[in-house]
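Structure assessment
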Amino acid sequence: MKEFATSLRFRWQRLRLLAGRALLSLRRRGLRPTLARVLEVLGRGTPSARPAGLCLPGAVDARTLRLLPCATPRASIVVPVHNQLDHTLGCLASLARSGDATPFEVIVVDDASRDDSATVLPAIPGLRYLRCDANLGFIGACRLGATQARGAFIVYLNNDTAVQPGWLDALLDTFERHPDTGIAGSRLVYPDGRL
């Protein structure tokens, strides 16, 4: 049900965005070019609700969740959270099953959540949990997580993200293939399959 509500909310926001773009196109280009563009977009078809191979987390039982502890991580994954424990557990479950060869640690920075995060998250084996007494905001939580990172690379991950198998290996491979890279980001795939 939650996945349906998320998909519905996303589709409503998408419809509003497209309607705004259509009105802007009508003002700038006129009716005929706008209709041609609309027909072109509609001709592509709609993406599937879940592209083949896309792993989305379902309900996660925190008692069975395990992250492998790593004494010498290559990457430190910092996940700032404020409430939304279900999202956080889904994110952590996707990290636990990602199967990446790169050794990594996961640091969750709880930015003064008022839900059950403070009782549930510290009990997850292999997770480094930091709790803020006051709300630092997203940037403050990211900064705090970075100060505790032991890896050569710091990866910031929103708690509503479900990573895909091999994502971290592919991301860090960018730095091997292009040594002058300073920052890299992952490809984001939305629940409806849109990039």
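To start, this report covers the structure provided alongside it.

Parameters and conventions
- Residues numbered from 1 in each chain as written.
- Predicted model: local features only at pLDDT ≥ 70, side-chain atom pairs only at ≥ 80, totals over all residues.
- Heavy atoms only, no water.
- Helix = DSSP H or I, 4+ residues; strand = E, 2+ residues; numbered from the N terminus.
- Buried < 20%, exposed > 50% of the residue type's maximum accessible area, 1.4 Å probe, protein only.
- Contact = heavy atoms within 4.5 Å.
- Areas by Shrake-Rupley, 256 points an atom, 1.4 Å probe, with all protein chains shown as cover.
- Expected span 1.5 Å × (residues − 1).
- Salt bridge = Lys/Arg side-chain N within 4 Å of Asp/Glu carboxyl O.

With respect to the overall build of the chain
Helices and strands together make up the secondary structure of the chain, namely six helices and four strands. Put simply, the chain runs from its N terminus to its C terminus through helices and strands in the order α-α-β-α-β-α-β-α-β-α. For the chain, buried positions account for 33% of its 195 residues. Considering only contacts in the chain between residues 6 or more positions apart, those separated by 24 or more positions represent 71%. Here the chain displays about 12,300 Å² of accessible surface, and carbon together with sulfur accounts for 58% of that area.

Side note on helix H3 (residues 85–96)
An α-helix turns once per 3.6 residues; consequently, residues spaced three or four apart project the same way. With twelve residues, H3 extends 16 Å from end C-alpha to end C-alpha; this agrees with the ideal 16 Å at 1.5 Å per step. In terms of residue burial, H3 counts as a mostly covered element, since nine of its twelve residues are buried. Those residues of H3 not exposed but buried are Leu-85, Thr-88, Leu-89, Gly-90, Cys-91, Leu-92, Ala-93, Ser-94 and Leu-95.

What about the pattern of salt bridges?
As enumerated under the stated definition, the model contains five salt bridges in all. In this structure, the salt-bridge partner of Arg-74 is Glu-176, at a minimum N-O distance of 2.9 Å. Within this pair, whereas Arg-74 is found in the loop between helix H2 (31–43) and strand E1 (75–81), its partner Glu-176 is found in helix H6 (residues 167–177), the two being separated by 102 residues in sequence. Looking at Arg-74, the relative accessible area reads 27%, which means it is partly exposed.

Function cannot be inferred from these measures alone, as they are strictly geometric.
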